[in-house]
Amino acid sequence: MKKLTILIGVFIIFFSPFLGDTSINYKDIFDSTTTTYTIFWDLRVPRIVLAFFVGSILSLSGLIFQTIFKNALITPYTLGIASGTTLFTAISIVFFPTIMLAISGVVGSLFTIMVLYLISQKINKSSIIVSTNSILLIGIALSFFYSSGLMLLFFMSNLQENYSIVRFTLGSLDIVGFNSALIVCPIAVILLSTVLFYKEKIKLLLTSNDTAFLKGLNVNRLNLILLIIISLAVGVSISFVGPIGFVGLVIPHIIKIIYKQSAHKLILPVFFYGGLFLVIADFISRNANTASSLPIGVVTSFIGAPFFVYLLIRRSSKGK
C-alpha cells in the first residue's frame, strides 16, 4: 500500500507539468522554437520543482519543530520565523528593492531564531536545559511584533509596493526559469542531510530533554543547530514563494497516521509527501478556472485550517 502510494506520488509529480489551462503537445516539448517548449521548460517544470522542494522543506521543518518542542501543533510559523522572514522581505521591497529577497528573508529568519534562543537562555539561565515553552511564548510575542511592523510598512509604502507586499504574503509559485529552484533545491538537500545526520540524537529527544541530557546529549547545542538550519531553509523558501502556511502542520500528522512510526523514522516520508502535497496544491492553484492562478497560500490554508481544527478536537477528545 505504501509503495503504491509512493508510485502514485511520483506519477503525479512527473505528469503535473503536462496539465494546465494551456494544452501541451508532447511532440513539441523538445523543440525550442515552439511556444509549448517555453511553457513547459520555462514555466511549468521550474514551478513543479520549486513547489516540491519548498513543500519538502516546510513539512520536514514542521516535523522537527514538533519533536524539539514536544508539541504536535508547533511549526516554524508558530514561532514567528515566517513572520520575521515576511517582515524583513517587505522591508527589502519598500526600502532596498535592489537587494535580493532571499538575502533579506534569511536575515529575518536567522535574526528571529537568535532572538528566540538568546532571550530564552536569559530567562532560563539557572537551568541546564532551555525551556521550550519559553521559546514558544517568545515566538508568539515576536509574531505580534512583526505583524505590527508589517502594518506600519503598509502605511509607509506606495500603491505598487503595497501590491507587491500583499502578493508576497499570499504566497505564489509564479516563476520563470530555474534560478529560484536551483537555490531552493540544494537548501532542501542540506536540511535533509542535516536531519538524517542527527537522526539518532533526534530519537533521544523524542523521550524527553532530561532523559536525552542524562544519556550524554548536549540538548541545547542540538536544538540550536537544528533551529538555525531549519530557519535558514525556511527563510530561503519563504523569500521566494511567500509564507505558505499549514504544510508543516498537515503533512507530519498525516504521515504519522499512515505509517504509525516514531518521528525519527518518518524523515524521508515527510520530506517526500510534503513536496507532493505542495505540487498537488499548485496543480489546484493553476487549474482553478480563475482569471489568474490562485495564490498557493490560499489553497494550503483552505486545506490546512479545517485539518488544524480537527487536530484540536482530536487532542481534546483524547484528553478526556
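The structure presented is a predicted model; accordingly, all values stated were derived computationally and were not measured. (Residues numbered from 1 in each chain as written. Predicted model: local features only at pLDDT ≥ 70, side-chain atom pairs only at ≥ 80, totals over all residues. Heavy atoms only, no water.)

### A short note on the side chain of Arg286
Part 1 of the argument: Summarising the element assignment, Arg286 is placed in helix 12 (residues 267–286).
Part 2 of the argument: Given the relative accessible area of 12%, Arg286 is considered buried.
Part 3 of the argument: From its side chain, Arg286 meets the backbone oxygen of Leu19 in a polar contact 2.7 Å long. (Helix = DSSP H or I, 4+ residues; strand = E, 2+ residues; numbered from the N terminus. Buried < 20%, exposed > 50% of the residue type's maximum accessible area, 1.4 Å probe, protein only. Polar contact = N/O pair within 3.5 Å; in protein donor to acceptor, adjacent residues only side chain to side chain.)

### Notes on the packing of helix 3 (residues 81–95) against helix 6 (residues 159–170)
Angle between the axes and distance between the axes: these two values describe a pair of packed helices.
Part 1 of the argument: Orientation of helix 3 relative to helix 6, taken along the N-to-C sense of each, is 155°, at an axis distance of 10 Å. Judged by the angle between their axes, helix 3 and helix 6 are roughly antiparallel. Taken as a pair, helix 3 and helix 6 cross one another with a handedness that is right-handed. Of the residues in helix 6, those touching helix 3 at Thr86, Thr89, Ala90, Ile93 and Val94 are Glu161, Ser164, Ile165, Phe168 and Thr169. (Axes fitted to C-alpha atoms, helices over the stretch in contact; angles between N-to-C directions. Parallel < 35°, antiparallel > 145°, perpendicular 65-115°, else oblique. Left-handed = near helix turned anticlockwise from the far one by under 90°. Contact = heavy atoms within 4.5 Å.)

### Regarding the environment of Ser157
Part 1 of the argument: Locating Ser157 in the fold gives a position in the loop between helix 5 (132–156) and helix 6.
Part 2 of the argument: Separated by 150 residues in the primary sequence, Ser157 and Leu7 place their C-alpha atoms 48 Å from one another.
Part 3 of the argument: At a separation of 3.3 Å, a polar atom in the side chain of Ser157 contacts the main-chain carbonyl oxygen of Phe154.
Part 4 of the argument: A polar contact of 3.3 Å, which involves the side chain of Ser157, links it to the side chain of Asn162.

### A few points about helix 6
Part 1 of the argument: The end-to-end C-alpha distance of helix 6, which contains 12 residues, comes to 17 Å, matching closely the 16 Å that a straight helix rising 1.5 Å per residue would cover.
Part 2 of the argument: Those residues of helix 6 lying buried are Glu161, Asn162, Ile165 and Phe168. Each buried residue of helix 6 sits inside an arc of 130° when the element is viewed along its axis, so together they form one side. Opposite the packed face of helix 6, turned more than 90 degrees from it, sit the exposed residues Leu159, Gln160 and Tyr163.
Part 3 of the argument: Measuring from the side-chain oxygen of the N-cap residue of helix 6 to the backbone nitrogen of Gln160 gives 3.2 Å; that N-cap residue is Asn158.
Part 4 of the argument: At the C-terminal side of helix 6, Gly171 shows a positive phi close to 85°. (Expected span 1.5 Å × (residues − 1). Arc of directions from axis to C-beta.)

### A few points about a nonpolar patch on the surface
Part 1 of the argument: A grouping of Leu4, Ile8, Phe11, Ile12, Phe14, Phe15, Leu19, Ile280, Phe283, Ile284, Phe302 and Ile303 is seen on the molecular surface, where their side chains present a nonpolar patch of about 1100 Å² in accessible area.
Part 2 of the argument: Secondary-structure elements contributing two or more residues to the nonpolar patch are helix 1 (2–15), helix 12 and helix 13 (296–319).
Part 3 of the argument: Broken down by element, the nonpolar patch gets its largest block of residues, 6 residues, from helix 1.
Part 4 of the argument: Its location among the elements puts Leu19 in the loop between helix 1 and helix 2 (35–69).
Part 5 of the argument: For Leu19, a relative accessible area of 41% corresponds to the partly exposed category. (Patch = residues over 30% accessible without salt bridge, like charges linked within 9 Å, V, L, I, M, F, W, Y side chains within 5 Å. Areas by Shrake-Rupley, 256 points an atom, 1.4 Å probe, with all protein chains shown as cover. Salt bridge = Lys/Arg side-chain N within 4 Å of Asp/Glu carboxyl O.)

### What to know about the environment of Thr75
Part 1 of the argument: The residue Thr75 is located in the loop between helix 2 and helix 3 in this model.
Part 2 of the argument: Owing to a relative accessible area of 8%, Thr75 belongs among the buried residues under this scheme.
Part 3 of the argument: Spatially, the C-alpha atoms of Thr75 and Thr300 are 14 Å apart, while their sequence positions differ by 225 residues.
Part 4 of the argument: The contacts of Thr75, once residues within four sequence positions are left out, are Phe65, Gln66, Gly248 and Leu249.

### Description of the packing of helix 3 against helix 10 (residues 219–241)
Part 1 of the argument: Between helix 3 and helix 10, the shortest axis-to-axis distance is 10 Å and the interhelical angle comes to 45°. As judged from the angle between their axes, helix 3 and helix 10 are oblique. Crossing handedness for the pair helix 3 and helix 10: right-handed. Between helix 3 and helix 10, the contacting residues are Ile81, Ala82, Thr85, Thr86 and Thr89 on the first element and Ser231, Val234, Gly235, Ile238 and Ser239 on the second.
Part 2 of the argument: In the contact of helix 3 with helix 10, the residues fall into 4 nonpolar, 6 polar and no charged. (Nonpolar A, V, L, I, M, F, W, Y, C, P; charged D, E, K, R; others polar.)

### Considerations on the confidence of the model for the protein chain
Part 1 of the argument: Confidence in the prediction for the protein chain averages 85 pLDDT; 93% of positions are at 70 or higher.
Part 2 of the argument: Of all secondary-structure elements in the protein chain, the lowest mean pLDDT belongs to helix 13, at 77, while helix 7 (residues 179–197) reaches the highest, 94. (pLDDT = per-residue confidence, 0-100.)

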